[in-house]
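The lines below spell out each chain.
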Amino acid sequence: MSPSALTISGVDKFYGPIDRGVHAVKNLTMEIGEGEIVALLGSSGCGKTSTLRMIAGFEEVSRGAIAVAGRTVHTLPPVKRNVAMAFEGYSLYPPLTVRENMAFALKAARLPRSEVDAKVASIAKLLEIEDILERYPSSISGGQQQRASLGRALIREADLHLLDEPMGQLEPQLRAVLRGRIKHFIKERGLTAILVTHDQTEANALADRIAVMEGGVLQQFDTPDRIKERPANLFTGTFVGEPPMNVFEAFVGTTAGRISLKLPDGLSLDYDKDAFSTPVRDQLLSRERVVIGIRPYAVRRSKEGVPARVSANQWLGDQTHIAADFAGGSLVLVEHDRTRLDLGAPINVSIDPKNLHVFDQASGKAISHGMELA
Ligand SMILES: Nc1ncnc2c1ncn2[C@@H]1O[C@H](COP(=O)(O)OP(=O)(O)O)[C@@H](O)[C@H]1O
Ligand SMILES: [Mg+2]
């Protein structure tokens with residue numbers, strides 16, 4: 001791995017007294033390499049902003065340590081950390097124009113005027129805010145303030161760039177364009193960046209690795225592909241992926257030499273023993289109950305399959321999302337053609353064991369993904 005740009009070791013954040021206040025970040029440990037883009041992905045309140053603010057020095061670390069570029073920083077004031085941050089609430093300096101806001105840190109570092117002007121011009125072009133450079137924050141829209149704030153962070157030379165929901169206020173089209181440009185900008189300069197987002201598309205598009213958080217706990221830290229294909233637990237499995245993974249509780253049994261995953265409503269998914277690799281089969285047979293997960297695009301309709309009944313059918317322009325009543329719950333299938341099925345129509349579905357994710361019923365931890373153990 002490349003040298004460590006950021007090392008977070010056993011960090012806890014309590015708002016209020018330690019062990020008694022709000023426990024916003026729980027025993028967080030992660031390491032980010034130089035030149036990496038990492039997305040902190042999770043729902044509102046999971047501790048993303050608290051994590052960034054501790055790295056930048058705007059919140060105290062309750063327990064643990066943080067090092068940036070090999071230097072312990074969690075005891076230093078923000079200005080001594082060499083970390084640039086774009087805040088969730090923009091926080092531009094109101095008495096300064098957009099240009100002055102963006103140029104502020106460079107002027108403080110005594111860069112020559114011509115160099116400052118050139119950098120502001122190039123970043124303003126990248127973010128499409130060239131025409132508001134002489135305006136004041138109070139006279140521009142939220143989306144423009146957000147881009148100015150992002151520009152103010154990107155323009156800096158720093159060991160680490162922290163971007164807290166930097167595109168949340170932008171229209172989808174502009175967001176998609178800027179995603180590409182920002183990624184190019186960061187990669188071209190070899191910057192290390194942490195992007196906070198609750199938008200999985202943004203995380204997938206921008207990040208080399210995604211850190212999924214929930215309830216202050218890091219659930220998985222891995223490449224977008226591995227997060228999708230090998231979710232570490234039920235939370236990651238159902239949180240990442242659109243539409244979400246289908247999950248069902250199943251009793252494991254054997255009938256006539258076959259493995260049965262018995263679902264509610266008397267349904268069961270039956271497989272040849274040889275359909276599983278030996279380690280996966282052994283894991284299944286050692287348990288009474290498991291939770292199975294199937295991605296919507298891995299569910300097939302086939303005559304031999306298990307019966308289900310269509311409850312919704314939507315054509316989204318390039319794929320069909322079908323929901324069906326199945327095993328006492330709802331099953332979602334994605335098909336790439338336009339599928340015309342009436343509501344209430346009976347269908348049969350089958351699930352290839354290669355596409356089956358199996359989770360521990362009690363802990364939610366992944367047991368297997370297709371043919372491989374987790
Ligand atoms: N200044 C604060 N005082 C008390 N609780 C806070 C403070 N800031 C955040 N929290 C709480 O900490 C948790 C994590 O918040 P935050 O890090 O802002 O989450 P996110 O950015 O993922 O939405 C939430 O429960 C939030 O209410
Ligand atoms: Mg936040």
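Rules behind the numbers
- Residues numbered from 1 in each chain as written.
- Chains lettered and ligands numbered in written order.
- Predicted model: local features only at pLDDT ≥ 70, side-chain atom pairs only at ≥ 80, totals over all residues.
- Heavy atoms only, no water.
- Donors = N, O, S within 2.8 Å, 3.2 Å for Na, K, Ca; no water.
- Helix = DSSP H or I, 4+ residues; strand = E, 2+ residues; numbered from the N terminus.
- Buried < 20%, exposed > 50% of the residue type's maximum accessible area, 1.4 Å probe, protein only.
- Pairing = 2+ DSSP bridges.
- Axes fitted to C-alpha atoms, helices over the stretch in contact; angles between N-to-C directions.
- UniProt positions renumbered as here; feature names shortened; annotations may be inferred.
- Contact = heavy atoms within 4.5 Å.
- Domains from an automatic or database assignment.
- Buried area = accessible area lost by both parts, 1.4 Å probe.
- Salt bridge = Lys/Arg side-chain N within 4 Å of Asp/Glu carboxyl O.
- Polar contact = N/O pair within 3.5 Å; in protein donor to acceptor, adjacent residues only side chain to side chain.
- Nonpolar A, V, L, I, M, F, W, Y, C, P; charged D, E, K, R; others polar.
- Expected span 1.5 Å × (residues − 1).
- Arc of directions from axis to C-beta.

Describing the coordination of the magnesium ion (ligand 2)
Bound to the magnesium ion (ligand 2) are the protein donor atoms Thr49 (OG1) and Glu88 (OE), situated 2.0 to 2.8 Å from the metal. Of the two residues, threonine 49 sits in helix α1 (residues 48–56) while glutamate 88 sits in the loop between β6 (83–86) and α2 (98–108), which places them 39 residues apart along the sequence. Classification of threonine 49 by relative accessible area gives partly exposed; the value is 24%.

A few points about the sheet that holds strand β17 (residues 329–335)
Taken in spatial order, the four strands line up as β17-β16-β15-β18 in an open sheet, and their pairing is antiparallel. A single partner strand is all that each edge strand has here, and the edge strands are β17 and β18 (346–351). Averaged over all pairs of adjacent strands, the angle between strand axes in this sheet comes to 50 degrees, irrespective of strand direction. Of the strand pairs in this sheet, strand β15 (residues 299–315) and strand β16 (residues 320–326) are connected by six bridges, and their pairing is antiparallel. Within the sheet, the bridge partner assigned to asparagine 313 lies in β16 and is isoleucine 322.

Things to note about the UniProt feature "domain: ABC transporter" (unreviewed entry) in the chain
As annotated by UniProt and renumbered to match this structure, "domain: ABC transporter" (unreviewed entry) occupies residues 6–240. This span, residues 6–240, is 36% helix and 26% strand, and a straight line between its end C-alpha atoms measures 25 Å.

Here's the deal with the side chain of arginine 281
Locating arginine 281 in the fold gives a position in helix α9 (residues 278–285). The class for arginine 281 is buried, based on a relative accessible area of 17%. Every residue in contact with arginine 281, bar those within four places of it in the chain, is listed here: Ile259, Lys273, Asp274 and Phe276.

Overview of the domain arrangement of the chain
Domain assignment breaks the chain into domain 1 (4–233) and domain 2 (246–373). A separation of 39 Å is found between the C-alpha centroids of domain 1 and domain 2. With seven residues of domain 1 at the interface, the matching set in domain 2 holds ten residues. For the pair domain 1 and domain 2, the two sides together bury roughly 620 Å², of which 47% comes from carbon and sulfur. Contact with domain 2 buries surface across domain 1, with Lys228, Arg230 and Pro231 losing the most and accounting together for 65% of the total. When the shortest N-O distance is used, the salt bridge between glutamate 372 and arginine 230 registers 3.1 Å. There are five residue pairs in polar contact (both at pLDDT 80 or more) connecting domain 1 and domain 2. Residue composition of the side of domain 1 that touches domain 2, grouped by class: three nonpolar, one polar and three charged.

Here's the deal with helix α3 (residues 113–126)
Taking 1.5 Å per residue, 14 residues should reach 20 Å; α3 reaches 20 Å between its end C-alpha atoms and fits that length. Those residues of α3 that sit buried are Val116, Val120, Ile123, Ala124 and Leu126. Down the axis of α3, the sector holding all buried residues measures 155 degrees, keeping them to one side. For α3, the exposed residues lying more than 90 degrees away from the buried face are Ser114 and Lys125.

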